[in-house]
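# Breakdown of the fold
Each chain, letter by letter, is given below.
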Amino acid sequence: MNWRLIHFAMPTIDYVVAHELAHLREMNHSPRFWDVVRSVLPDYERSRGVLKDDVLPVFE
Ligand SMILES: [Zn+2]
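As the structure is a computational prediction, the values presented were derived from the model and not from experiment.

### As for helix α2 (residues 31-40)
Residues of α2 that are buried: Phe-33, Trp-34, Val-36 and Val-37. Mapping the buried residues of α2 onto a view down its axis gives an arc of 155°, with all of them on the same face. In α2, the exposed positions that point more than 90 degrees away from the buried face belong to Pro-31, Arg-32 and Ser-39.

Here it is, written out as structure tokens:
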């Protein structure tokens with residue numbers, strides 16, 4: 001693992017964690033769900049661009 005991969009991975013991991021935490025509050029992808037994500041990670045949209053939502057585990 002080189003520094004470039006670490007640089008890429010950290011915001012992505014933050015986004016995945018924030019996303020999964022938000023699903024504990026909202027078991028869907030409604031606007032309220034994204035409000036929860038934003039409350040945890042205000043710049044989540046930047047990290048979200050790296051990962052497509054459908055590669056994440058889904059609860060719904
Ligand atoms: Zn989700």
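### Looking at the nonpolar core
Core analysis: the biggest nonpolar cluster contains 9 residues, these being Tyr-15, Ala-18, Ala-22, Phe-33, Trp-34, Val-36, Val-37, Leu-41 and Tyr-44. Contributing elements (two or more residues each) for this core: α1 (3-25) and α2. No other element matches α2, which puts 4 residues into this core. Setting aside residues no more than four positions away along its own chain, Tyr-44 makes contact with Tyr-15, Trp-34, Val-37 and Arg-38.

Cut-off values and rules
- The numbering scheme is per chain: residues are counted from 1 as the chain's sequence reads.
- In keeping with the model being predicted, local features are shown solely for residues with a pLDDT of at least 70 and side-chain atom pairs are shown and tallied solely at 80 or more, while totals for entire chains, interfaces and linings include all residues.
- Excluding hydrogens and water, the side-chain figures rest on all heavy atoms present in the structure.
- The buried label goes to any residue with under 20% of its type's maximum accessible area, the exposed label to any with over 50%, and the partly exposed label to all in between, with areas taken from a 1.4 Å probe on protein chains only.
- By the criteria applied, helices consist of DSSP H or I runs no shorter than four residues and strands consist of E runs no shorter than two, each listed in order from the N terminus.
- When we speak of the arc, we mean the arc of directions from the helix axis to the C-beta atoms.
- For the purposes of this section, nonpolar cores are sets of buried Ala, Val, Leu, Ile, Met, Phe, Trp, Tyr and Cys residues that join through side-chain atoms within 4.5 Å.
- The contact rule is simple, with two residues in contact once any of their heavy atoms fall within 4.5 Å.

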